[in-house]
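Below, each chain spelled out in residue letters.
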Amino acid sequence: MKTKILLSGFTIFLLLGCATTNDVNISKNVDTIKTDKMLMRKYHITTNNLIKFGKYYIFFTPGPDGTNIVFLDKKYNEVRRFRTSYFLETKKIAIYNGKIYVLGVNESTYYPEILVLNQKGKLIDKKVIKQKYALPKDLYFYKDNIYVLIDVFKNGKSFIQIYKNDKLYKTIKFKHSINGDFIFMDGNDLFIIGTIKNITQDAFIMNITKGWVRFFNLGMDENFDKYFINKKGDIVLELHSTDEMGADSYYEIIINKDGKILKNKCKIRFNPLPLRFRT
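Not measured: the values here are computed from a predicted model.

### Quick look at the pattern of salt bridges
Enumeration over the complete set of coordinates arrives at seven salt bridges. For lysine 210, the salt bridge goes to aspartate 189, with nearest N and O atoms at 3.5 Å. Of the two residues, lysine 210 is situated in the loop between strand E17 (201-207) and strand E18 (212-217) and aspartate 189 in strand E16 (residues 189-197); the sequence distance between them amounts to 21 residues. Lysine 210 gets classed as partly exposed once you look at its relative accessible area, which sits at 43%. Here aspartate 189 falls in the buried class, since its relative accessible area comes to 6%. Its salt-bridge partner being aspartate 258, residue lysine 210 comes within 3.2 Å of it at the nearest N-O pair. Of the two residues, lysine 210 is situated in the loop between E17 and E18 and aspartate 258 in the loop between strand E21 (248-255) and strand E22 (261-269); the sequence distance between them amounts to 48 residues. Each member of the salt-bridge network shares a partner with another, and the members are Asp189, Lys210 and Asp258.

### Section: the side chain of threonine 84
Note on placement: threonine 84 falls in strand E6 (residues 78-84). Not counting chain neighbours up to four residues away, the residues in contact with threonine 84 comprise Asp65, Gly66, Thr67, Ile69, Leu115 and Leu117.

### Some points on the sheet that holds strand E3 (residues 51-53)
Spatially, the four strands line up as an open sheet ordered E3-E4-E5-E6, and their pairing is antiparallel. The open sheet is flanked by E3 and E6, the only strands paired with a single partner. Neighbour-to-neighbour, the strand axes of this sheet turn through a mean angle of 35°, independent of strand direction. As paired elements, strand E4 (residues 56-63) and strand E5 (residues 66-72) share seven bridges and run antiparallel to each other. The residue of E5 that forms the bridge with proline 62 is threonine 67.

### Structural notes on unusual backbone geometry
With phi around 70°, tyrosine 76 is a residue other than glycine that occupies positive phi space. Relative to the helices and strands, tyrosine 76 is located in the loop between E5 and E6. On the accessibility criterion, tyrosine 76 (18% relative accessible area) is buried. Its identity as a non-glycine residue notwithstanding, tyrosine 133 has a phi of 70°, on the positive side. Counting through the fold element by element, tyrosine 133 comes out in the loop between strand E10 (123-128) and strand E11 (135-142). Exposure remark for tyrosine 133: the relative accessible area of 54% places this residue in the exposed category.

### Focus on the pairing of strand E13 (residues 157-164)
Burial runs high along E13: six of the eight residues are buried. With eight bridges connecting them, strand E12 (residues 145-154) and E13 associate as antiparallel partners. Along E13, the bridge assignment pairs valine 152 with phenylalanine 159. Linking E12 back to E13 in an antiparallel pair, the connection comprises two residues, with asparagine 155 at a positive phi of about 55°.

### As for helix H1 (residues 30-43)
Here H1 is 14 residues long and its end C-alpha atoms lie 20 Å apart, about the 20 Å a rise of 1.5 Å per residue gives. All buried positions along H1 are accounted for by Thr35, Asp36, Met38, Leu39 and Tyr43. Projected onto a plane normal to the axis of H1, the buried residues spread over an arc of 170° and lie on a single side. Turned more than 90 degrees away from the buried face of H1 sit Val30, Lys34, Lys37 and Arg41, all of them exposed. Tucked inside the fold, the buried residues of H1 contact E4, E5 and E6. Following H1 by one or two positions, histidine 44 adopts a phi angle in the positive range, close to 60°.

Reading guide: rules and limits
Residues numbered from 1 in each chain as written. Predicted model: local features only at pLDDT ≥ 70, side-chain atom pairs only at ≥ 80, totals over all residues. Heavy atoms only, no water. Salt bridge = Lys/Arg side-chain N within 4 Å of Asp/Glu carboxyl O. Helix = DSSP H or I, 4+ residues; strand = E, 2+ residues; numbered from the N terminus. Buried < 20%, exposed > 50% of the residue type's maximum accessible area, 1.4 Å probe, protein only. Contact = heavy atoms within 4.5 Å. Pairing = 2+ DSSP bridges. Axes fitted to C-alpha atoms, helices over the stretch in contact; angles between N-to-C directions. Expected span 1.5 Å × (residues − 1). Arc of directions from axis to C-beta.

Interpretation in functional terms is not warranted from these geometric data alone.
Written out as structure tokens, the structure reads:
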């Protein structure tokens, strides 16, 4: 099944501006901060890089001759590691049905690939997306289906393709270049999160199943750092925005599956540097 989606086929929402707030909400507790400091010192990662795998945590790190997949025990001590030797770049690892899935680019073919490994690092399967020089961005598992999000570059523009079980599922193009960041399912709805290159860079979330897209323009450049589904079933988006003076703001935005904004709050805002300190 191949489907091409153009922007004109979607309901479009545009968010301009945000109510300011002086409320600074630090979400991580003291224990997590201490753990992050320790992980950064030992492995140059934080808890956000860890994936739970049985009684272990795992993460990946680049090396001079491949990607290292590292196993830690519950006290964050290294137990073992193994290497995938022929990846030019690893984008993500994930766990599904007791197997390790490694998404990256093959250094010989420049095709996006998924390596399927067992707990000992033995290669048991390989999935190839024959889109040369495309950038793999994310993968998601749902009911034994594997969705892969990639960025494709042609004729000076970029667009998004979604592959489902190794086959092209949807192509998404806007008037301007777009890049994907995340793909996920919520119920039966398929979502992607990414950025669009207008005069500035804006963030967007698209419900492919229901046919709407919502853009977020709160400054000069925006991007979503992460997302999750809360206990109420709403989508929580953490957005980073930079204004024309270089000041950074961090927002928490909550929407439902129909794109209605339930919350839009500036969590942290950093003032721009005084003129005398700018280069």
